[in-house]
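Residue-level structural notes
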Amino acid sequence: MDNGACSYRRFRDTGDESGLEEIIREYRDGLVFYLNSFLCNVQLAEELAEDTFVLLGTKKPRDKGISSFKTWLYTIGRNVAINHLRRRGHSSSLSIDDCPELVSEEESLEAAYIKEERKIVVHKALKNLKSEYCQVLWLTYFENLSNKDVAVIMQRTVHSIETLLYRARKSLKSELEKEGFIYEEL
């Protein structure tokens with residue numbers, strides 16, 4: 001049983017506010033990054049992540065226990081984002097400035113610069129992919145979720161996710177090669 005589920009149950013069942021605070025502290029950044037991969041707008045992703053946590057705090061939905069707490073939370077976040085896009089009827093584009101990268105002090109300036117350039121190229125390449133390709137790559141490689149969890153979040157079958165992931169990798173490789181990068185080096 002993961003800690004998020006325990007914290008949420010403590011909040012939902014006994015009204016312990018620290019449970020919700022623990023969830024926000026633990027999952028906020030990952031949820032924002034995931035929503036950003038879906039929405040291509042950091043500010044909007046932050047707002048919708050907040051909306052997701054507000055929904056948890058006010059409506060207190062019940063987790064059916066079918067998947068991990070993180071998968072359940074990301075599914076709620078995805079649904080909040082889809083509802084927002086339906087209401088707004090449009091999506092925004094990702095700005096490279098919206099993706100600041102943190103560089104550890106131990107890295108040399110040259111290594112940090114190369115790493116930053118590669119990440120910018122990857123983010124540009126991701127921006128050029130279909131939204132569903134971007135989502136499946138983000139959830140699989142940046143959030144380290146299993147294909148089963150990704151299938152739950154994206155409301156697809158595991159086989160469909162495997163196929164989508166294959167096509168997304170192939171498309172990303174093509175985009176990166178257009179930029180002159182060799183896919184296997186990244």
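Residues numbered from 1 in each chain as written. Predicted model: local features only at pLDDT ≥ 70, side-chain atom pairs only at ≥ 80, totals over all residues. Heavy atoms only, no water.

On to the packing of aromatic side chains, then. Going through the model one piece at a time under the given rule, you end up with eight aromatic pairs. An angle of 40° between the planes, with centres 6.5 Å apart, marks the rings of Y8 and F11 as tilted. A residue pair is termed a helical-turn pair when its members lie 3 or 4 positions apart in one helix, as Y8 and F11 do in helix 1 (residues 3-14) at three residues. Accessibility expressed as a relative area gives 2% for F11, which makes it buried. A ring pair is formed by Y8 and W72, whose centres lie 5.3 Å apart and whose planes are at 50°; its orientation type is tilted. Here the residue Y8 occupies a position in helix 1, and W72 occupies one in helix 4 (residues 69-88), the gap between them amounting to 64 residues. Taken as a pair, Y8 and W72 share a single burial class, namely buried. (Phe/Tyr/Trp six-rings, centres within 6.5 Å; stacked < 30°, edge-to-face > 60°. Helix = DSSP H or I, 4+ residues; strand = E, 2+ residues; numbered from the N terminus. Buried < 20%, exposed > 50% of the residue type's maximum accessible area, 1.4 Å probe, protein only.)

In this section: unusual backbone geometry. Unusually for a residue other than glycine, N144 sits at a positive phi of about 55°. Looking at the element boundaries, N144 is found in the loop between helix 6 (131-142) and helix 7 (147-154). If you check the backbone angles, Q155 has positive phi at about 55° while not being a glycine. Residue classification places Q155 among the exposed residues on the basis of a relative accessible area of 54%.

Bear in mind that shape data such as this cannot, by itself, settle questions of function.
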